[in-house]
Amino acid sequence: MKVKSRHHLRSDEISALQESIEANLGVDVDGDAFEGVELSDTDFDLVLVDGEPLVVYIDEEPFLTVKGANEFPPTKHVVTVDAGAVSFVSSGADVMRPGITEADESISTGDLVAIAEETHGKVLAIGRALEDGTDLVGDSGKVIESIHHVGDDLFEFSV
């Protein structure tokens, strides 16, 4: 991933980012420095919070990265997977319904979600829900498309 440009965010941009993440994930992203990073070889841009890539813009919507979600654990739009799904989700696989133990019922089809493991609550991936939250737990079918996961280029990114 190549950095095309970097700039400090204005206070109104920081407020909009914080309000959006608060509304979607129920957490307050706090930091002293917010820096926008435009990448030349990806479909998304990043925000460094105190030098760490904690926020990603996916389809122009701010959302926490895996690192960001573990730094600021979300209380909304979280899907929990069982131990059997951890290795698959951590490798970037889409999430199948049988691996899900719990899902926030406020999730709507198309929403970005944080995918956490049930034992320690650590976020393993970020994905897009293909079903409403009330339909995510069940017996069969792919229900979350993986977008970003532990160990991918975004997870390993540093400046």
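Higher on the page you've got the structure.
Reading the values: rules and limits
- Within every chain, residues take consecutive numbers counted from 1 along the sequence as written.
- pLDDT decides what is reported in this predicted model: residues at 70 or higher carry local features, side-chain atom pairs at 80 or more are listed and counted, and totals for whole chains, interfaces and linings draw on all residues regardless.
- The basis for every side-chain value is the complete set of non-hydrogen atoms in the structure, without hydrogens or water.
- In this text, helices come from DSSP runs of H or I with a minimum length of four residues, and strands from runs of E with a minimum of two, each type numbered from the N-terminal end.
- Type-normalised accessible area, obtained with a 1.4 Å probe on protein chains alone, sets the label of each residue: buried when under 20%, exposed when over 50%, and partly exposed for intermediate values.
- Contacts are assigned to residue pairs that have any heavy atoms within 4.5 Å of one another.
- Paired strands, as defined in this entry, are two strands with at least two bridges between them according to DSSP.
- The rule for a salt bridge is simple: a side-chain nitrogen of Lys or Arg has to be within 4 Å of a carboxyl oxygen of Asp or Glu.
- The definitions used throughout rest on a 1 Å grid laid over the protein atoms alone, on which a cavity is an enclosed set of points accommodating a 1.4 Å probe that cannot get out and a pocket is an open set flanked by protein within 12 Å on both sides along at least five of seven lines; lining residues are those having an atom within 4 Å of a point.
- Grid points are joined across faces, edges and corners, and a volume is the space filled by probe spheres set on the points.
- Note on residue categories: nonpolar means Ala, Val, Leu, Ile, Met, Phe, Trp, Tyr, Cys or Pro, charged means Asp, Glu, Lys or Arg, and polar means any other residue, Gly included.

Caption draft 1: How the structure looks around the side chain of S146. Here S146 is to be found in strand β11 (residues 142–149). With a relative accessible area of 16%, S146 lands in the buried category. The contact partners of S146, leaving out residues within four places of it in the chain, are G92, A93, D94, I126 and G127.

Caption draft 2: Inspection of the pairing of β11 at higher detail. One ladder, built from two bridges, connects strand β7 (residues 95–96) with β11; its direction is antiparallel. When the sheet's bridge partners are listed, M96 is paired in β11 with K142. Where strand β10 (residues 123–129) meets β11, five bridges bridge the pair, whose relative direction is antiparallel. Bridge pairing in β11 places R128 opposite E145.

Caption draft 3: Highlighting the pattern of salt bridges. The final tally for this structure, using the stated rule, is seven salt bridges. Note that R10 is salt-bridged to D12, the shortest N-O span being 3.1 Å. The closest approach of N and O atoms between D59 and R128, which form a salt bridge, is 3.0 Å. Residue D59 is found in the loop between β4 (52–58) and β5 (61–64), and its partner R128 is found in strand β10; the two are separated by 69 residues along the sequence. Relative accessible area serves as the criterion here: at 64%, D59 is assigned to the exposed category. Take R128: its relative accessible area is 16%, and that puts it in the buried class. Through salt bridges with shared partners, a single ionic network connects R10, D12 and E13.

Caption draft 4: Looking closely at the layout of surface pockets. The computed volume of the largest pocket comes to approximately 170 Å³. Taken together, H7, L9, E13, G36, V37, E38, D45, L46, V47 and Y57 make up the lining of the largest pocket. Counting residues per element, the ones that place at least two in the lining of the largest pocket are β2 (34–39) and β3 (45–49). Of the residues contributing to the lining of the largest pocket, the split by class is five nonpolar, two polar and three charged.

Caption draft 5: Up close: unusual backbone geometry. One non-glycine residue, D50, adopts positive backbone phi at about 50°. One can find D50 in the loop between β3 and β4. The class for D50 is partly exposed, based on a relative accessible area of 43%. Even without a glycine there, the phi angle at H77 is positive, about 60°. Inspection of the secondary structure puts H77 in the loop between α2 (66–71) and β6 (78–81). Judged by relative accessible area, H77 falls into the buried class, the value being 9%.

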